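Per-entry structural report
Listed here are the chains, written in short residue letters.
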Amino acid sequence: MIELGVNIDHVATLREARKGVDPDVLEAAKLCEMAGAHQITAHLRQDRRHVQDQDIELLSELLEVRLNFEMAAVPEIIAVAHRIRPYQVCLVPESREEITTEGGLDVASDIEHLRAVTADMHSHDIQVSLFIDPDPRQVDAAVAVGADCVELHTGPYANAHGDEAMAVALQQLQDCGRYVIDAGLTLNAGHGLNVHNLEPVARIPGLHEVNIGHAIISRSIFIGLDNAVKEILDVLDRCAA
């Protein structure tokens, strides 16, 4: 079965709207864990707009499933990763102006830096994933820096308008997914996926994991967080049958 990582950033976004303590990020993560999520994903941004350092500390200490720590490859956040030693970091591009991550990391233009960051993570027993656009050039660069896996950016597919545009974007994911597997990397995917558009992506051969956040947290308002997680797991289970 393809594994599910639940991104809980938007639980923190709601909490930070009033700078209070509710909703509790750790409680949300534990509910996702009990509902069957295989890992929890959290992005500690440089501007701390949602997830805070204390959230990461608590998640790393109290989760029973894996912590996938999304981060920019900058010294301040690298130091946090080295200290807490999550199961995995996922290196992503980051801009203070963006609402959410808007594209994949340009690994090919930053190979030497990312190779050093990756080597340091490995020395701390941390796996490294790179969030990239479905581009073979970026896959080659991921191999060059020594990454363990890549997470293909599914945003263009999820946001495509019309069947033709969606089919083109899906084909790019399928073709690049094959390239990732042939390169010997673990294949993950995420961004903009939901219960309605997930199945075609989940049927990409060799896909190991999907990371879904906004859709699950949004859906939880109506059906509860555990049920929102289980809806996605049902799709993944159906694709594995």
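Residues numbered from 1 in each chain as written. Predicted model: local features only at pLDDT ≥ 70, side-chain atom pairs only at ≥ 80, totals over all residues. Heavy atoms only, no water.

Topic: the state of the cysteines
The full count for this structure, using the stated rule, is zero disulfides. Cysteine Cys-90 remains unbridged, with the sulfur of Cys-149 as its closest cysteine sulfur at 7.4 Å. Look at Cys-90 and you get buried, because its relative accessible area is 0%. (Disulfide = S-S within 2.5 Å. Buried < 20%, exposed > 50% of the residue type's maximum accessible area, 1.4 Å probe, protein only.)

Remarks on the pairing of strand 3 (residues 66-71)
With six of six residues buried, strand 3 is to be regarded as a mostly interior element. Residue alternation in strand 3 divides its side chains into two sets, Arg-66, Asn-68 and Glu-70 and Leu-67, Phe-69 and Met-71, and both sets are buried. Inspection of the sheet shows strand 2 (residues 39-43) paired to strand 3 by five bridges, in the parallel sense. What sits directly across from Gln-39, in strand 3, is Arg-66. On the question of chirality, the crossover connecting strand 2 to the parallel strand 3 by way of helix 3 (residues 53-62) is right-handed. The pairing of strand 3 with strand 4 (residues 88-91) spans four bridges and is parallel. Residue Glu-70 lies in a different strand from strand 4, and its bridge partner there is Cys-90. (Helix = DSSP H or I, 4+ residues; strand = E, 2+ residues; numbered from the N terminus. Pairing = 2+ DSSP bridges. Right-handed = clockwise from strand over helix to strand, strands pointing away.)

Thoughts on unusual backbone geometry
Across the junction of Asp-22 and Pro-23, the peptide omega takes the value -5°, indicating a cis bond. Secondary-structure assignment places Pro-23 in the loop between helix 1 (9-16) and helix 2 (25-35). The residue Arg-48 is not glycine, and still its phi comes out positive at about 55°. Structurally, Arg-48 is set in the loop between strand 2 and helix 3.

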